[in-house]
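This is what each chain is made of:
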Protein chains: 2
Amino acid sequence: MTKIKGFSKLNKEARVDWVISNYLQDPKKSLRLLKSYWHSDDDVQKLHDEFVENTITNFFMPFGVAPNFLINGKDYCLPLVTEESSVVAAMSKAARFWSERGGFHSQVISTIKTGHVHFLWHGKEKELLSHFFEKIKPLFFSQTEHLTKNMVARGGGIVDVLLVDRSHLEPGYYQLKATFETCDSMGANFINSLLEEFIRIFLAEAEKSLDLIPNKIEIIMGILSNYTPDCLVRCEATCPVSYLPHDKNISSAQFAAKFLKAIRIAEIEPYRAVTHNKGIMNGVDALVIATGNDFRAIEAGVHAFAAKTGTYSSLSHAEINDDNFRFYMDIPLALGTIGGLTTLHPMAKFSLQLLGKPDARTLMMIIAAAGVSQNFSAIRSLITTGIQKGHMKMHLLNILNQLGASDLEKEKIIALFKNKVPSHSAVVKAFEEMKEGMQP
Amino acid sequence: MTKIKGFSKLNKEARVDWVISNYLQDPKKSLRLLKSYWHSDDDVQKLHDEFVENTITNFFMPFGVAPNFLINGKDYCLPLVTEESSVVAAMSKAARFWSERGGFHSQVISTIKTGHVHFLWHGKEKELLSHFFEKIKPLFFSQTEHLTKNMVARGGGIVDVLLVDRSHLEPGYYQLKATFETCDSMGANFINSLLEEFIRIFLAEAEKSLDLIPNKIEIIMGILSNYTPDCLVRCEATCPVSYLPHDKNISSAQFAAKFLKAIRIAEIEPYRAVTHNKGIMNGVDALVIATGNDFRAIEAGVHAFAAKTGTYSSLSHAEINDDNFRFYMDIPLALGTIGGLTTLHPMAKFSLQLLGKPDARTLMMIIAAAGVSQNFSAIRSLITTGIQKGHMKMHLLNILNQLGASDLEKEKIIALFKNKVPSHSAVVKAFEEMKEGMQP
């Protein structure tokens, strides 16, 4: 066992050295590789190194852009960080299509975030607990002003603190359920700091009020929730049915009918809903990452929201009213445009500049449109040519890169697979045959 | 409106030029920034540029490592790509802790993936459809051998194809539900290519068999599912209760009891479950990205799995039997160690080398352990010191970087906040005061 104590206290060079000498077959080559991914400016690299612990280098994620997005009447070029081929192309295609049909229309429905103090209390007279809570409730506001002052000045703060009885689920289980408005910051640190302060206040007051609350309060934990159904944005795109895509194989009306069926299937079949929503998140996450937000938080909240009825279902919906096609989605997005990495990561900062320095509400509306655009393109492909045609084109390029093909070789092979499925083995075979044919 | 046609056909320089001249206030500065993030080797940069469309630069994600992971008796140093502070530290701490208590024990439960052809059929005699399906079913295997040959040689291929009646949910809605074993590849292209071939076979046979199947089959789409409850891995960690953490504030037995309560709360309260599982995904995704896998696919499948009972719930569980503490988790992970970016992205390739070139099953077991380790550390913090203590230490460093603090200034401010909550405003104030104090 290659154990080490105090690894995190080593400097970066020593960390790299330990890793490559213990785990890599060719340490010199590995060292060159890791270093080749460092930023050429030492100060910039140091900044990146300090974002997290035990860093040894950077992982490059492709940074692409999708122009022609018309959202609420304003045009955008979206910064997209994704490693998956076809996503940027699909979004760009949908953006262009909808920009000629009025664009995307987004509106913020609500921006409330939630956190809890989870605790146990085994008293039998529940009124004692609720009376005690009502008595001390103002203190959660007054005794935390040093933490909320700045947020209040920006228009946010603690919205409410409630006592929730969950003892029917688990003996003695109650919550302080607190709601917050965190304005342009994602608010995780703000909320968690407040919740820990609530714990301190709650316990101190209970200690002082043994006449009011004789049974002991046992705190389990205080933590924000990434389930944010009340931090919600809606986006829709709408046009006359006759303006929908059509070609020699499918009329606009047939396209509309088939599109609605595809959505309906994602609404009723969880196996399909998961992939349908995964596609939406291809678009959403690409912007979440580009702007320095936390995609795990967004993912968890979104998928739980998709399961809120008890059956995991589609986030997006479609309908036809009076020959008008309407495609829409509600999605919970708790985002920040200040704090965290948003202004600290130079490329996240760049992304926000590219988007015109939006506030958090505007970013919610932009990202919802990104999700809708991806979903429209995915369904469009699925119900017409199939998903593989576009995907395989990029896949082909990746295989050719893997094989070390030259530009000329790439061109030839791409022409060869113009109307064929480029399975990995078929491409390798074609490439090898071409190579052999080229030999003297 | 800044519209553009043919943007994707521009070369990278022209793309960059269009973006910065149309959207950025200081195009020259932006150009320098974007270029500073390019890889110094043009060929390597070209490889990264071609992973997706419309690339203009790279987004750096910190690449850290967590040593001291003991998984199934073998030691690992995990490659972790994450932008969130505390994640790598939390995992390293748990790894060290469990390495002295037998480590993590993972086992693959199943590795089956699923895809569907979704179609409509409005015939009244359902037996006609099932008879027709049974008759042509062998063709789905025999007529796709050109696509499955290599996978079969590796021990995988099509497992089964079933006809599923979903017409009770939507009139005329049926599925071909196909299951696959894709060995060491994630299998998305393999499965999607096969499903599109199934559509071709299905329609061609229906055309030829109007006596058997008089009503028209209307294909809506063919697509793999990212819901993979049958591609499942279990990981657990176990030790005597007395070996659990303890200090002057909490005994091992109290720790165990409180830990179980924290897990129980995540099992019954969706607001908590979402954040609990989000933490697990902090660990999971860090490895998923590092190894070139698709985190949106993993996220979607995992969260839908967490909602499978109808109530969104904790992925992990804990119990005490005969004074033995057991902490375990089942998680669906459809991963690849060949194909896609896994071997194409130089840093993904490095990650797999660092892990000893695992096959897909081994990678499932490693990543499950990563999730369990993160979850253990998160709950440990939550039920003892609170989550903010560790988080805020890293947060403080980020704020200081944002303020452009020197190493000396950082040291002084860190000492100042040793026992205080470093709220953003408090740090800014302290920093400014220090600066003023330093002026002559």
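Residues numbered from 1 in each chain as written. Chains lettered and ligands numbered in written order. Predicted model: local features only at pLDDT ≥ 70, side-chain atom pairs only at ≥ 80, totals over all residues. Heavy atoms only, no water.

## What to know about the overall build of chain A
Just so we agree on the cut-off: The helix count covers DSSP runs of H or I at least four residues long, the strand count covers runs of E at least two residues long, and both are numbered beginning at the N terminus. Exposure categories follow from relative accessible area, calculated using a 1.4 Å probe and restricted to protein chains: below 20% of the type maximum is buried, above 50% is exposed, and the middle band is partly exposed. The criterion used for residue contact is that any of the two residues' heavy atoms lie within 4.5 Å. Computed with the Shrake-Rupley method and a 1.4 Å probe, the accessible areas treat only the protein chains shown as cover for residues. By the counting scheme adopted, Arg and Lys are positive, Glu and Asp are negative, and His together with the chain ends is not counted. For this purpose, a charge sits on NZ of Lys, CZ of Arg, CG of Asp or CD of Glu.
Within chain A one finds 15 helices and 10 strands. Principal-axis analysis of the C-alpha atoms gives chain A an extent of 95 × 70 × 40 Å. Burial statistics for chain A: of 440 residues in total, 62% are counted as buried. If you take every contact in chain A between residues at least 6 apart in sequence, the share linking residues at least 24 apart comes to 69%. For chain A, the exposed area adds up to about 17200 Å²; of that, 52% sits on carbon and sulfur atoms. When the 48 positive and 47 negative side-chain charges of chain A are each reduced to one mean point, those points stand 5 Å apart.

## A short note on the packing of helix H5 (residues 126–142) of chain B against helix H7 (residues 188–208) of chain B
All names here are of chain B. Going by this rule: Here an axis means a line fitted to C-alpha atoms, over the contact stretch when the element is a helix, while the angle between two N-to-C directions is reported on a 0 to 180 degree scale. Here is the rule for angles: anything less than 35 degrees is roughly parallel, anything more than 145 is roughly antiparallel, 65 through 115 is roughly perpendicular, and the remaining ranges are oblique. Two helices crossing with the near one rotated counterclockwise from the far one by less than a right angle form a left-handed crossing, whereas a clockwise rotation gives a right-handed crossing. Residue polarity is assigned by list, with Asp, Glu, Lys and Arg as charged and Ala, Val, Leu, Ile, Met, Phe, Trp, Tyr, Cys and Pro as nonpolar; anything else, Gly included, falls into the polar class.
Running from N to C, H5 and H7 point in directions that differ by 135°, and their axes come no closer than 10 Å. In terms of orientation, H5 and H7 fall into the oblique class. H5 and H7 meet at a crossing whose hand is right-handed. For the pair formed by H5 and H7, the contact residues are Phe132, Ile136, Leu139 and Phe140 on the first element and Phe198, Ile201, Phe202, Glu205 and Ala206 on the second. Taken together, the residues of the contact of H5 with H7 sort by class into 8 nonpolar, no polar and 1 charged.

## Some points on the interface of chain A and chain B
You'll often see interface size given as the accessible area lost when the parts meet. Heads up, the rule is: Take the accessible area each of two parts loses on contact, using a 1.4 Å probe, and add the two losses: that sum is the buried area. The working definition used for a salt bridge is a side-chain nitrogen of Lys or Arg within 4 Å of a carboxyl oxygen of Asp or Glu. Think of a polar contact as two N or O atoms within 3.5 Å of one another; within protein, one of them needs to be a possible hydrogen donor and the other a possible acceptor, and neighboring residues in sequence only count if both atoms come from side chains. Two strands are counted as paired when DSSP detects at least two bridges linking them.
The partner chain B presents 144 residues to the 144 residues of chain A that form the contact. Carbon and sulfur atoms supply 62% of the area that chain A and chain B bury against each other, a total of about 13000 Å² over both sides. It is Phe59(A), Tyr271(A) and Arg296(A) in chain A that bury the most area against chain B; as a group they hold 7% of the surface buried on that side. Counting every contact that joins chain A to chain B gives 16 salt bridges. Here Glu269(A) and Arg166(B) are joined by a salt bridge, their closest N and O atoms 2.8 Å apart. Counting every contact that joins chain A to chain B gives 56 residue pairs in polar contact (both at pLDDT 80 or more). Take the side of chain A that touches chain B: its biggest share by element is 15 residues, from strand S1 (residues 55–71) of chain A. When the residues that make up the side of chain A that touches chain B are grouped by side-chain class, the tally is 70 nonpolar, 46 polar and 28 charged. With 9 bridges joining them, S1(A) and strand S1 (residues 55–71) of chain B adopt antiparallel strand pairing. Residue pairing across strands places Thr55(A) opposite Gly64(B), the latter belonging to S1(B).

## Let's talk about the packing of aromatic side chains
Rule in force here: In this scheme Phe, Tyr and Trp rings, the latter by its six-membered ring, pair at centre separations within 6.5 Å, and the angle between planes marks the pair as stacked below 30 degrees, edge-to-face above 60, and tilted otherwise. Counted as over-ring charges are cases with an Arg CZ or a Lys NZ within 6 Å of the ring centre that also lie within 35 degrees of the ring normal.
The full count for this structure, using the stated rule, is 52 aromatic pairs over all chains. Ring centres of Phe119(A) and Phe202(A) lie 4.9 Å apart, and the angle between their planes is 75°; on these two criteria the pair is classed as edge-to-face. Residue Phe119(A) is found in strand S4 (residues 113–121), and its partner Phe202(A) is found in helix H7 (residues 188–208); the two are separated by 83 residues along the sequence. On the basis of relative accessible area, Phe119(A) is assigned to the buried category, the value being 0%. Given a relative accessible area of 1%, Phe202(A) falls into the buried group. When the centroid spacing of 6.3 Å and the interplanar angle of 80° are considered together, the rings of Phe180(A) and Phe190(A) count as edge-to-face. In this pair, Phe180(A) is assigned in strand S6 (residues 173–181) and Phe190(A) in helix H7, connecting sequence segments 10 residues apart. Assigned by exposure class, Phe180(A) and Phe190(A) land together as buried. Through a chain of ring-to-ring contacts, the aromatic side chains of Phe119(A), Trp121(A), Phe132(A), Phe133(A), Phe140(A), Tyr174(A), Phe198(A) and Phe202(A) assemble into a single cluster. The side chain of Arg326(A) reaches across the aromatic face of Tyr328(A), ending 4.0 Å from its centre. Sitting over the face of the ring of Phe97(B), Arg101(B) holds its NZ or CZ atom 3.7 Å from the ring centroid.

## So, the domain arrangement of chain A
Worth spelling out the cut-off: For the domains described, the bounds stem from an automatic or database domain assignment.
Here the domain parsing of chain A yields domain 1 (7–49), domain 2 (70–108 + 232–384), domain 3 (113–224) and domain 4 (391–437). One C-alpha centre belongs to domain 1 of chain A, the other to domain 3 of chain A; they are set 45 Å apart.

## Some words on the pairing of strand S4 (residues 113–121) of chain B
Residues and elements named next belong to chain B. Of all the 9 residues making up S4, 9 are buried; the element is thus mostly covered by neighbouring parts of the structure. Alternating residues of S4 divide into Lys113, Gly115, Val117, Phe119 and Trp121 and Thr114, His116, His118 and Leu120, and every residue in both groups is buried. Judged from the 8 bridges that link them, S4 and strand S6 (residues 173–181) form a sheet pairing that is antiparallel. Note on S6: the bridge partner recorded for Thr114 is Thr179.

## A word on the sheet that holds S4(A)
With antiparallel pairing, the 4 strands of this open sheet are ordered in space as S5-S6-S4-S7 (chain A). Each edge of the open sheet is held by one strand with a lone partner, namely strand S5 (157–165) and strand S7 (217–224) of chain A. Strand-to-strand, the axes of this sheet are offset by a mean angle of 15°, without reference to chain direction. Running at roughly 60° to S7(A), helix H9 (residues 270–290) of chain B makes contact with S4, S6 and S7 of chain A of the sheet.

## A few points about the packing of helix H4 (residues 87–99) of chain A against helix H12 (residues 360–383) of chain A
Residues and elements named next belong to chain A. The interhelical angle for the contact between H4 and H12, taken along N-to-C directions, is 100°, at an axis separation of 8 Å. By the angle between their directions, the pair H4 and H12 is classed as roughly perpendicular. Where H4 abuts H12, its residues Ala90, Met91, Lys93, Ala94, Phe97 and Trp98 lie against Ala370, Ser373, Gln374, Phe376, Ser377 and Arg380. Taken together, the residues that form the contact of H4 with H12 break down as 7 nonpolar, 3 polar and 2 charged.

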